[in-house]
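Summary of structural features
Listed here are the chains, written in short residue letters.
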Amino acid sequence: MASNKQCFDKILISACFLGERVRYNGEVKALASQLLSQWQSQGRLISVCPEVISGLPVPRPPAEINPKTLQVITIDSVDVSQQFSQGAQQALRLCQQHNIRFALLKESSPSCGSNTIYDGSFSQQKIVGEGITTKLLRQHGIQVFSEFYLKQLQGLLDQ
Ligand code: SF4
């Protein structure tokens, strides 16, 4: 009897991992991984760049979260908190549309970081923390993993 195999868990993924030109500096830097290729061929991946989807350009000035005020500020001192928040909301909407329970997002990004972020001083120092999109997704029960936890994510997916 034919079975419907289209009910794989989908994964929201940072668009930069798929080699899309969305990074703040315009560089293309895909994540090379066998698991990622497998998930892609299974049709699991839903790609998003929260910053670009909010209307920010490529390239754009780097931004970091001020740990005291929680505002997102560019290196030129422009407050882009609203754009980051809009991008997070759109990423959440995508998850809701696709019944997504898992996300694979780029570590240390002010949108996508899940364990660490930069400390707001633009001096390459990292602190424990999470990006704006990660925080919102977690508040809605979505489990967020970084590129360093691919195997752990694989262990949770339906096969
Ligand atoms: S916001 Fe996320 S998806 Fe977009 S470039 Fe930064 S890390 Fe990648």
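Cut-off values and rules
Residues numbered from 1 in each chain as written. Predicted model: local features only at pLDDT ≥ 70, side-chain atom pairs only at ≥ 80, totals over all residues. Near = placed C-beta within 6 Å. Nonpolar A, V, L, I, M, F, W, Y, C, P; charged D, E, K, R; others polar. Helix = DSSP H or I, 4+ residues; strand = E, 2+ residues; numbered from the N terminus. Expected span 1.5 Å × (residues − 1). Contact = placed C-beta atoms within 7 Å. pLDDT = per-residue confidence, 0-100. Pairing = 2+ DSSP bridges. Axes fitted to C-alpha atoms, helices over the stretch in contact; angles between N-to-C directions. Right-handed = clockwise from strand over helix to strand, strands pointing away. Buried ≥ 20, exposed ≤ 12 C-beta atoms within 10 Å, placed from the backbone. Parallel < 35°, antiparallel > 145°, perpendicular 65-115°, else oblique. Left-handed = near helix turned anticlockwise from the far one by under 90°.

- As annotated in an unreviewed UniProt entry, the protein carries the name DUF523 domain-containing protein and is attributed to Colwellia marinimaniae.

1. Topic: the site of the ligand
- Within the structure, the ligand sits among S14, A15, C16, V22, R23, C49, P50, E51, K106, S109, S111 and C112.
- Its residues placed into classes, the shell around the ligand shows 6 nonpolar, 3 polar and 3 charged.

2. A look at helix α3 (residues 81-97)
- Over its 17 residues, α3 extends 24 Å from the first C-alpha to the last, a length consistent with the 24 Å expected when each residue adds 1.5 Å.
- On its buried side, α3 packs onto β1 (11-14), β2 (45-48), α2 (50-53), β4 (72-74) and α4 (132-139).
- The first or second residue beyond α3 is N99, which carries a positive phi of 50°.

3. Points about the confidence of the model for the protein
- On average, residues of the protein score 95 in pLDDT, and 96% of them reach the 70 mark or higher.
- Predicted confidence for residues 1-5 stays below pLDDT 50, and this span has 0 contacts to residues more than four positions away or in other chains.

4. Remarks on the sheet that holds β1
- Strand order in the open sheet made by the 4 strands is β2-β1-β5-β8, with parallel pairing throughout. Of all strands in the sheet, those bounded by a partner on one side alone are β2 and β8 (143-145). Neighbour-to-neighbour, the strand axes of the sheet open up by a mean angle of 25°, direction not taken into account.
- Pairing of β1 with strand β5 (residues 102-104) involves 3 bridges; the strand directions are parallel. Within β5, the position partnered with I11 by the bridge is F102.

5. Here we look at the pairing of β2
- With 4 bridges connecting them, β1 and β2 associate as parallel partners. Bridging across to β2, S14 finds its partner in V48.
- Each parallel crossover has a hand, and for β1 linked through helix α1 (residues 34-41) to β2 it is right-handed.

6. Quick word on the environment of Q82
- In this structure, Q82 sits in helix α3.
- Residue class for Q82 comes out exposed when judged on the 11 C-beta atoms lying within 10 Å of it.
- A C-alpha to C-alpha distance of 9.0 Å links Q82 and S54, two positions 28 residues apart in sequence.

7. Digging into the packing of α3 against α4
- Their axes nearest at 8 Å, the elements α3 and α4 cross at an angle of 40°. In terms of orientation, α3 and α4 fall into the oblique class. Relative to α4, α3 is oriented so that their crossing is right-handed. Residues F84, S85, G87, A88, A91, L92 and C95 of α3 form the contact with α4, whose participating residues are I132, T133, L136 and L137.
- In terms of residue class, the contact of α3 with α4 is built from 8 nonpolar, 3 polar and no charged.

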